[in-house]
Amino acid sequence: MTPEILLVMAVLAFAVLLFIFEWVRVDVVGIIMMVLLPLLGLVTPKQAISGLSSNAVVSIIAVIIIGAGLDKTGVMNTLARVILRFAGKSETRIMTLIAGTVAIISGFMQNIGAAALFLPAAKRIGNQTGVPVGRLLMPMGFCAIIGGCLTLVGSSPLILLNDLMIVGGKHYEPFGMFGVTPIGILLLIAALVYFMIFGRFILPSKNVSENSGPMSDLLNGTYGGIGSLFELHIPETWKCDKNLQALELRPIYFSTVVAIARDNGKAHKIAPDAHEIIRPGDHLAVVGHHEFVQHMAEDFGWELQEELSSFAEELSPNNAGIMEGLITPRSELVGQTLMELRIRDRFQVSPLAIFRGEKLFISGLSEMKLESGDAILLHGRWEMFHLLKDRPDFVFTEEVKGEILRTEKAKFALMWLAISLTMILGFHIQLSIALLTGALGMILTKVLSIDEAYQSVDWMTVFLLGGLIPLGMAFENTGAAKFIADTIMAALGHPSALILLTVIGALTSFFTLVASNVGATVLLVPLSMNMALNAGVDPRIAALTVAVAASNTFVLPTHQVNALIMRPGGYKTIDYVRAGFGMTILYMAVMIFALISLY
């Protein structure tokens, strides 16, 4: 036990305390490690900042940009639509489908890449269905990590495994491409069942960053009585041929029809005007208070749907919502009425209310002459609000959500993704270079602007990982990792196969939390194989235990995937501890059972 080993253990304990008590943000912990480790002489200055240029960190930056390009072109919208078609709005089915799909993909590419590509789709699905994103991203992230155990190319430790299985000059029989697949399948099933049963208890129940309703929390404080979005079905027996104005829905029921779907949902009319006639078979999207909308449905014989169906995607919070616009003093709208402006026809937005002085007006809006300072509450698609915000007439009180999608660039986005994957899988080009090629291609073909690419990157994740990588180097430089491993192995003596594999798995799992999984694998594979020979256990199984256990890293946000989902999911370190502790125990039990039973 050297002073350097004691020092690096103290730094590790300090980092863990910072994570647990959250005295500073997690990316600041990474920067502290970059500064503290070289000052203490545990790593060189070059090693201290090498994490920022590591293959893992550069790959994360590139794959996030690629994911942003796919999102910007509407590809992730399409993917979300396919998933929802199969999963409906069941939280369990959505979670299982997303997590299972990401796991399978990560069996053939780096797990960080699979998780980053699915991140925009998972956020969209959560926002559209009202399922908190935090209840989707952690199962997705954990299964992305586990998916690396489905094939021998799914994770770096398994890729290295065959090259490391040399003891006493003897090169042991290598594992095949799918040699680890039975273990990976059992681990994936166990993880999905774990979240199905315990997810409601261990995952965050509140959505910290997304609002699943049509109106933000800020606007709810002022316009809470306006209500929410509902869908009504007009039965085929409807015989009235009155238009919306003649039905007097706003003055009687304080409700506004913001969209009409007809022809079995094939034709949608957003922001219909007052002269639109309601037809049998139509579906109406209505903004109003639930009690009034229910009375309206009963009075007219319409059917109030339990949830949005015809408008589930088009008017989901991903694509539409409610904004408040202020009339500026120099606005051309001053002195005109909404009817004269034809605001529904021109901008496809529906006025819901006008706030003037201390009064809120819900009916009679079309005839009101607009004044400077009026606040108009509007419902519409985000793309229309993005067009309106560039006009001098309106000042929106909140940042407009969503974005104008470049659907015409979808082919380019998919092409560059395919090129990156071909470079990785077909030509074995280094992950970071292949992914940077795809990211650069998206910028050059104007899928994204360079500014949009920079904005898409979660720099908190980058600096967190950039600081944790030199901490792993310090463990190896000082000999702390080898000292711990040698001490534990020496204390075992001649254990049984069950005890030996359990200790090897636990030791590997510990090292992957504080050092790189590659470093843990390189250190422990030869060591575990020697111990297995002395104990009369198959050394190949001991080596495989190390490579699989290197993915058992769930209780801290130190793994690349855990760091990636931390901010979008609104997670704190305690969330990883709560969900990851049980997952770690389950992973270990299933892994040992599979190794002893199947190999």
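Above this text is the structure in question.
In this text, all values refer to a predicted model and were calculated from it rather than measured experimentally.

S.K.: Honestly, the packing of helix 21 (residues 459–477) against helix 26 (residues 560–569) in this entry has me stumped. Any pointers?
M.R.: Packed helix pairs are characterised by how far apart their axes lie and by the angle those axes make with each other. Helix 26 packs onto helix 21 with a crossing angle of 150 degrees between their chain directions and a minimal axis gap of 9 Å. Read as a crossing pair, helix 21 and helix 26 show a hand that is right-handed. Contacts from Met 460, Thr 461, Leu 464 and Leu 465 in helix 21 reach Gln 560, Ala 563, Leu 564 and Arg 567 in helix 26. When its residues are assigned to classes, the contact of helix 21 with helix 26 shows 5 nonpolar, 2 polar and 1 charged.

S.K.: Teacher, can you tell me more about the side chain of Thr 328 here?
M.R.: With respect to the secondary-structure elements, Thr 328 resides in the loop between strand 8 (320–327) and helix 15 (338–341). Under the relative-accessibility criterion, Thr 328 is labelled buried at 14%. Contacts of Thr 328, omitting those with residues within four sequence positions, involve Val 334, Ser 372, Pro 392, Asp 393, Phe 394 and Val 395.

S.K.: Can you walk me through the pattern of salt bridges in this structure?
M.R.: Applying the stated criterion across every chain yields a total of 10 salt bridges. The residue Arg 262 makes a salt bridge to Asp 282 at a minimum N-O spacing of 2.6 Å. Within this pair, whereas Arg 262 is found in strand 4 (residues 256–262), its partner Asp 282 is found in the loop between strand 5 (267–270) and strand 6 (283–288), the two being separated by 20 residues in sequence. By sharing partners, the salt bridges in this structure join Lys 72, Arg 406 and Glu 452 into a single network.

S.K.: Would you take a moment to explain the packing of aromatic side chains for this structure?
M.R.: Each aromatic ring pair is characterised by the separation of its centres together with the angle its planes make. Considering all chains together, one arrives at 16 aromatic pairs under this definition. Plain terms: the ring middles of Tyr 194 and Phe 195 are 5.2 Å apart, the flat faces sit at 70 degrees to each other, and that makes the pair edge-to-face. In this pair, the class of Tyr 194 matches that of Phe 195, namely buried. Summarising the aromatic geometry, the rings of Trp 238 and Trp 302 are spaced 5.4 Å apart at their centres and angled 65 degrees between planes, so their arrangement reads as edge-to-face. Taken together, the residues span a long stretch of sequence, with Trp 238 in the loop between strand 3 (228–233) and helix 12 (244–247) and Trp 302 in the loop between helix 14 (290–300) and strand 7 (303–304) at a distance of 64 residues. Each member of the pair, Trp 238 as well as Trp 302, is classed as buried. When the ring centre of Phe 175 is taken as reference, the NZ or CZ atom of Arg 540 above it lies at 4.1 Å.

S.K.: Could you clarify how one ought to interpret the environment of Asn 55 in this entry?
M.R.: Following the sequence through the fold, Asn 55 ends up in helix 4 (residues 55–72). The spatial distance from the C-alpha of Asn 55 to the C-alpha of Val 522 is 17 Å, given a sequence separation of 467 residues.

S.K.: It is not clear to me how the pairing of strand 6 should be interpreted in this structure. Could you clarify?
M.R.: A regular strand places its side chains so that they alternate between the two faces of the sheet. In terms of burial, strand 6 is a largely internal element, 6 of the 6 residues being buried. Burial of the side chains of strand 6 extends over both faces: His 283, Ala 285 and Val 287 are buried on one face and Leu 284, Val 286 and Gly 288 on the other. In the sheet, strand 3 pairs with strand 6 via 6 bridges, with the strands oriented antiparallel. Across the sheet, Leu 232 pairs through a bridge with Leu 284, a residue of strand 6. Where strand 4 lies against strand 6, 5 bridges are found, and the strand directions are antiparallel. Bridge pairing in strand 6 places Ala 261 opposite His 283.

Cut-offs used in this document
Residues numbered from 1 in each chain as written. Predicted model: local features only at pLDDT ≥ 70, side-chain atom pairs only at ≥ 80, totals over all residues. Heavy atoms only, no water. Axes fitted to C-alpha atoms, helices over the stretch in contact; angles between N-to-C directions. Helix = DSSP H or I, 4+ residues; strand = E, 2+ residues; numbered from the N terminus. Left-handed = near helix turned anticlockwise from the far one by under 90°. Contact = heavy atoms within 4.5 Å. Nonpolar A, V, L, I, M, F, W, Y, C, P; charged D, E, K, R; others polar. Buried < 20%, exposed > 50% of the residue type's maximum accessible area, 1.4 Å probe, protein only. Salt bridge = Lys/Arg side-chain N within 4 Å of Asp/Glu carboxyl O. Phe/Tyr/Trp six-rings, centres within 6.5 Å; stacked < 30°, edge-to-face > 60°. Lys NZ or Arg CZ within 6 Å of the ring centre and 35° of its normal. Pairing = 2+ DSSP bridges.

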